[in-house]
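# Inside the fold
Now for the letters of each chain:
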Amino acid sequence: MTRLSAEEAFGRRGALAAAHPGFEFGTGQLEMAREVERVFQEGGALLAEAGTGTGKTLAYLIPAVQAGRRVVVSTATRNLQEQIVRKDVPFLQERLGLPFTAMAMKGRENYLCLHRYDDFRRQPRFQFVDEVQHFGAVQRWSEATTVGDRAEIPGLPDGARFWREISARADTCLGRRCPEYDDCFLVRMRQRAEDTQLLIVNHHLLFADLAVRAGDFGRVIPDYDCLILDEAHRVEDIATRYFGRRLSSWQLRELVDDALRQAGGGSGAARVMAAAAAAGQRGQDLFGDLAAAGDGRHRLDGSRRDEAHAAAGHVQAELARLAAMLGEIIVDDDDTLESVGALRRRCAAMAEDLEEIVRGSGAGTVRWFEVKGTGVALHASPIDVSRALREQLFEPLRSAVVTSATLTVTGSFTYVRARLGLEEAAEVQVGSPFDYEEQGVLFLPGGLPEPRDPDFIPAASHVVRQLLEISRGRAFLLFTSFAHVGAMREILARDTAHPLLTQG
């Protein structure tokens, strides 16, 4: 099929109108498609705000797949990623006859690590009894999968604790030194991606990849010079995480557990186990004091930082000793030697993160910690990521499209330009075709406690039950935490006849 221009694809009698029985012509969709087409032909960057119902996904996909270059489409959510892969891509290939290749790429933690899985299978460790049956499903799946994506496993809960022990995380990866390198699912995914024109990723993978692109094996996404950022209102928050530093109590606990297992019964085992236990204890001292602040996010400043400064120094000293003890282990096979080397690198990386987060003094950085139940995470986050985004992400690109339903403030792109480092980008703003005043009702219940109040969910459930009666159960409930999701489900399950579907 010959190339389709924006008018030929999106016009009143265009290819979409002929291929899709439910097609409705929209001037906004055509206007956006023209601008995206121009950016792919001439180069540069485009800020595109397209209201709900505009059809922005097709407005950027059709020019993208005809660009003649590799294009990366990045979304904030896996839901949109799946929609593009399962719905939009097949439609363009089958109904419009556009010849292109496409595939989804997910973060490393979504894929099985064959090396870690083999270790875990020999000595499985479960925190909860009911996870044993889920691991049985993983074992059956592992014998048949060619992709290694956990999404293929029927019924595996999102929160399965053991998955972290067997996933292809960057901090435990042996890279080319891994004995399973040739069969690695990540290696195979990269090889497929090298021959693929349209790559659909999410923002977390995009920025995780950007952070390690100078490395040999850490990089996942092949080289690209055309990028589409959808759901771009989330970009600044996600980029801040990857341009900063983070260290959690879970990470330290896992390192200690891995070191204790690696020590085994070989030469030097007693010294390694003692050093690992000491590092764990010093970590408990540090994170335990911070946990006393209570659930939520807190600034790491004043006397709290002074105390953490001293505790972090003790943790760093014990990490250095643990790395030294690991280096003295006498091993008789290359696989174990590589695993020990990976543990020593993790010790060094954690000590470096602690130095920057707790003991660092760099300007333009906010230091804070977050308490969730028994877990504590330390952060050092840049206040402004615009320069990093401009220099590391946008400047090397030939073409960039940054789009969302919500990019402007009072009709202006000024704020998002400054926050994302896109002062020179062109812009297009397309309104939603929906008549919200006529088609929607906004209801704000009064008298509810604050969301952090223990009485919030019980009080909110009373309102929700009334709304469920009015809508006859046709409702989509959104929450800001999984704890609230679970608490609301528990209440509704007791006294509603409507079926309940819950994330996870």
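Heads up: these notes are all about the structure in this document. As the structure is a computational prediction, the values presented were derived from the model and not from experiment.

## Examining the pairing of strand E7 (residues 296-299)
Alternating positions in E7 separate cleanly, Gly 296 and His 298 being buried on one face and Arg 297 and Arg 299 remaining unburied on the opposite face. Where E7 lies against strand E8 (residues 365-372), four bridges are found, and the strand directions are antiparallel. Counterpart to Gly 296 in the pairing with E8 is Val 371.

## Looking at the side chain of Ser 399
Here Ser 399 lies in strand E10 (residues 399-404). Side chain to side chain, Ser 399 and Arg 398 meet in a polar contact 3.4 Å long. Sequence-distant contacts of Ser 399, that is, excluding residues within four places in its chain, are made with Val 39, Phe 40, Gly 43, Gly 44, Asp 225, Cys 226 and Leu 227.

## Details of the pairing of strand E1 (residues 44-50)
Here E1 lies mainly inside the structure; five of its seven residues are buried. Bridging between E1 and E10 involves six bridges; their strand directions are parallel. Following the sheet pairing, Ala 45 is matched in E10 by Ala 400. As paired strands, E1 and strand E11 (residues 426-430) are joined by five bridges and run parallel to one another. Within E11, the residue paired with Ala 48 across the bridge is Val 428.

Rules used throughout
Residues numbered from 1 in each chain as written. Predicted model: local features only at pLDDT ≥ 70, side-chain atom pairs only at ≥ 80, totals over all residues. Heavy atoms only, no water. Buried < 20%, exposed > 50% of the residue type's maximum accessible area, 1.4 Å probe, protein only. Helix = DSSP H or I, 4+ residues; strand = E, 2+ residues; numbered from the N terminus. Pairing = 2+ DSSP bridges. Polar contact = N/O pair within 3.5 Å; in protein donor to acceptor, adjacent residues only side chain to side chain. Contact = heavy atoms within 4.5 Å.

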